[in-house]
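# Chain and residue survey
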Amino acid sequence: MAFDAETFTRAASLFRLKRDALAPEAVETLARDIVRRLSETLPQGPDAEAAEVSEDSVAAFCDALIEPGPDAALRFIEDRRAEGMTRAGVYLGYVGAAARMLGEGWDADQLSFVEVTSGTGHLYAVMRALRAEMPVSLAAPTARRSALFATVPGEDHGIGITVAANVFREAGWKIDLQTDTEQDALVAHVERTEPWIIGLSLSTERRMDALVRLVVALRLVAPHAIIGVAPAESMGAARLRELVDIDLVFDDAASAQVELDRLMTLRGHT
């Protein structure tokens, strides 16, 4: 199976926009989150075989990752796949090791802020592309009418998403509602429950950095989930799609149900 270059390029472009738009401290938090999660997480399952990769080869991958543009990292992974390395082999042999090497170089001041944030952004894009290759077995249509709804960590207002949850429930949906849940606890909950659909509420643009951070973490632990955001009325959908790796913006509960049914049907045919 070929490496999903389209997903890689899109994810790398979105991450570059985040780096340009967010405050440096928010970008640093995002980069450290990615390094931590990818350093610690290993894939499970029968295809998770060990991969023999030298430290020099991992270093070469890191050199490709920290390039300003994404082409070098894309070419490196495509070459490994062309040589016959499996998705799990790339995952086990390169991703975790590269995350640890980038983190160590950052902590030792061997890599600049720009290099590390470029490297982590490209590594995130590699992960998105690798996860896109994974086979998906969708649940029955009745079971798919369930979702996790949550407020973005730090949000003061949960009334809107609570109302939306009730509207969905009245329409026959099973809704897992999480409000006032801290970032790591919410991500752990998603990893444990594996929802197909995640709806997030954002009441103010001041929490945009928290939304970006949360969605990046969710993409790593729930790569096939459909993620939507219900923003405040003053926030434009275009800006959300420009900065955040989401599938849709919720305008209202009724149209959201229609759009989610459409997306789940499309996913079932791919």
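What counts as what
Residue positions are given per chain, counting from 1 as you read along its sequence in written order. Given that this is a predicted model, residues contribute local features only at a pLDDT of at least 70 and side-chain atom pairs are listed and counted only at 80 or more, while totals for whole chains, interfaces and linings are drawn from all residues. With hydrogens and water excluded, all non-hydrogen atoms of the structure serve as input to the side-chain values. One speaks of a salt bridge when a side-chain nitrogen belonging to Lys or Arg is within 4 Å of a carboxyl oxygen belonging to Asp or Glu. We count a stretch as a helix when DSSP gives it H or I for four or more residues in a row; a strand needs E for two or more, and each element gets its number in order from the N terminus. Categorising residues by exposure relies on relative accessible area from a 1.4 Å probe, with only protein chains included: less than 20% of the type maximum marks a residue as buried, more than 50% marks it as exposed, and the intermediate range marks it as partly exposed. Definition used in this section: a nonpolar core is a set of buried Ala, Val, Leu, Ile, Met, Phe, Trp, Tyr and Cys residues joined via side-chain atoms within 4.5 Å. Throughout, a residue-residue contact means that at least one pair of heavy atoms, one from each residue, lies within 4.5 Å. The convention used is that axes are lines fitted to C-alpha atoms, helices contributing only their stretch in contact, and that angles between N-to-C directions extend from 0 to 180 degrees. If an angle is under 35 degrees, it is roughly parallel; if it is over 145, roughly antiparallel; if it lies from 65 to 115, roughly perpendicular; otherwise it is oblique. Throughout this entry, Asp, Glu, Lys and Arg are counted as charged residues, while Ala, Val, Leu, Ile, Met, Phe, Trp, Tyr, Cys and Pro are counted as nonpolar. The remaining residues, Gly among them, count as polar. At least two DSSP bridges between two strands are required for those strands to pair. Side-chain rings of Phe, Tyr and Trp, where Trp is taken by its six-membered ring, are said to pair if the distance between their centres is within 6.5 Å; with planes under 30 degrees apart they count as stacked, over 60 as edge-to-face, and otherwise as tilted.

## A closer look at the pattern of salt bridges
- Considering all chains together, one arrives at 14 salt bridges under this definition.
- Salt-bridge contacts for R32 lead to D107; the nearest nitrogen and oxygen are separated by 3.4 Å. Of this pair, R32 sits in helix α2 (residues 24–40) while D107 sits in helix α5 (residues 87–107), and the two are 75 residues apart along the sequence.
- The class for D107 is exposed, based on a relative accessible area of 57%.
- Note that D33 and R36 form a salt bridge whose closest N and O atoms lie 3.6 Å from each other. Here R36 and D33 lie together in helix α2, a separation of 3 residues that amounts to about one turn.
- Since its relative accessible area comes to 30%, R36 is described here as partly exposed.

## Re the nonpolar core
- With 71 residues, the main nonpolar core has F61, L123, L200, L211, L240 and V244 as its most contacted residues.
- In terms of residue count, the dominant contributor to this core is helix α10 (residues 208–221) (10 residues).
- Beyond its immediate chain neighbours, meaning those up to four positions away, L200 contacts A150, I161, L211, L214, V215, L218, I227, G228, V229 and A230.
- One finds F168, I175, A253 and M264 within the second-largest nonpolar core, a separate group that totals 16 residues.

## Some thoughts on unusual backbone geometry
- Even without being glycine, D109 reaches a positive phi, approximately 60°.
- What makes D109 exposed here is its relative accessible area of 68%.
- Non-glycine residue E194 carries a positive phi angle of around 50°.
- By secondary structure assignment, the location of E194 is in the loop between α9 (183–193) and β3 (197–202).

## So, the packing of helix α3 (residues 55–65) against α5
- α5 packs onto α3 with a crossing angle of 70° between their chain directions and a minimal axis gap of 9 Å. Taken together, α3 and α5 sit at an angle that is classed as roughly perpendicular. The residues of α5 that touch α3, namely those facing E55, S57, V58, A59, F61, C62 and L65, are G93, Y94, A97, A98, M101 and L102.
- Class assignment for the residues of the contact of α3 with α5 results in 10 nonpolar, 2 polar and 1 charged.

## Considerations on the sheet that holds strand β1 (residues 146–151)
- Taking strand neighbours across the sheet as the criterion, the 5 strands line up as β2-β1-β3-β4-β5 in an open arrangement whose pairing is parallel. Of all the strands in the sheet, just β2 (174–178) and β5 (248–249) have a single pairing partner and so form its edges.
- Note that β3 and strand β4 (residues 226–231) share 6 bridges and pair parallel. Looking across to β4, one finds that G199 is bridged to G228.
- Packed onto the sheet, helix α8 (residues 159–170) meets β1, β2 and β3 and runs at close to 165° relative to β2.
- Here α9 sits on the sheet and contacts β1, β2 and β3; the angle it forms with β1, its principal contact strand, is near 175°.

## Observations concerning the packing of aromatic side chains
- Under the defined criterion, the tally for this structure stands at 6 aromatic pairs.
- Measuring from ring centre to ring centre gives 5.0 Å for F149 and F168, while their planes differ by 80°; the resulting arrangement is edge-to-face. Taken together, the positions of F149 in strand β1 and F168 in helix α8 put the pair 19 residues apart, joining distant regions of the chain. Note on accessibility: F149 and F168 belong to one class, buried.
- Judged by centre distance (5.1 Å) and plane angle (80°), the rings of F168 and W173 are edge-to-face. The pair F168 / W173 is uniform in exposure class, with both members buried.

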